[in-house]
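Here are the chains, one letter per residue:
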Amino acid sequence: MSGLWDPILRQYGPTFVNVCRHAAEWADEIATDLLKRGMLKDLTPDEQQVVVAGVLIELGRPDTSRTHNRHVGYEAVKGPDLNITLLEDDQVLQDAVLCVHHAFMISIAYDQVLKIVQNDSGITVVNSSSATGHDR
């Protein structure tokens, strides 16, 4: 079986593994920082470490999550450690989130938009793949 993969694997240099390892470590650092500054900010540092370690093992490892775009259900993450609220429990928030989602999906589909970034001051940057010919 490895003979089948040899030509493909030879395309990657020895530094590729290090690049992948660094990306995984960086993802763990970002997740740790965001959890500690956000959802876990009211916990002690020791409590934060315990929760972060559990989250990284459950949600951040390929042997448990298998793929980046895998849906993680509420039942898998609910519990005393994570402060999770179902979007469906807050109809006002759900309506606002869906409005933004639909606006972005329409923009991406209609105008060949690749990236939309807007800050809290209302300044927006839109990157598109090509001119669509539509007047704005």
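See the structure printed just above.
Novice: Kindly report on helix H2 (residues 15-37), identifying the contributing residues and their values.
Specialist: For H2, built from 23 residues, the straight-helix expectation of 33 Å at 1.5 Å per residue is met to within 8% by its first-to-last C-alpha distance of 33 Å. Where H2 is concerned, the buried positions are Asp28, Thr32 and Leu35.

Novice: Tell me what's going on with the packing of aromatic side chains, and back it up with residues and numbers.
Specialist: For the structure shown, the criterion picks out one aromatic pair. For the ring pair Tyr12 and Phe16, a centre distance of 4.5 Å and an interplane angle of 20 degrees mean the geometry is stacked. Relative accessible area serves as the criterion here: at 42%, Tyr12 is assigned to the partly exposed category.

Novice: Summarise the layout of surface pockets; cite the residues concerned and give the values.
Specialist: The computed volume of the second largest pocket comes to approximately 210 Å³. What lines the second largest pocket is a set of 14 residues, and nearest its centre among them are Gly54, Glu58, Ala76, Val77 and Leu82. Taken together, the elements giving at least two residues each to the lining of the second largest pocket come down to helix H3 (45-59) and helix H5 (74-77). For the lining of the second largest pocket, the element with the most residues is H3, which contributes five residues. Taken together, the residues of the lining of the second largest pocket break down into eight nonpolar, two polar and four charged.

Thresholds applied
Residues numbered from 1 in each chain as written. Predicted model: local features only at pLDDT ≥ 70, side-chain atom pairs only at ≥ 80, totals over all residues. Heavy atoms only, no water. Helix = DSSP H or I, 4+ residues; strand = E, 2+ residues; numbered from the N terminus. Expected span 1.5 Å × (residues − 1). Buried < 20%, exposed > 50% of the residue type's maximum accessible area, 1.4 Å probe, protein only. Phe/Tyr/Trp six-rings, centres within 6.5 Å; stacked < 30°, edge-to-face > 60°. 1 Å grid on protein atoms, 1.4 Å probe; cavity = no way out; pocket = protein on both sides within 12 Å on 5 of 7 lines; lining within 4 Å. Points joined across faces, edges and corners; volume = space filled by probe spheres on them. Nonpolar A, V, L, I, M, F, W, Y, C, P; charged D, E, K, R; others polar.

As far as function goes, none of this settles anything; it's purely spatial.
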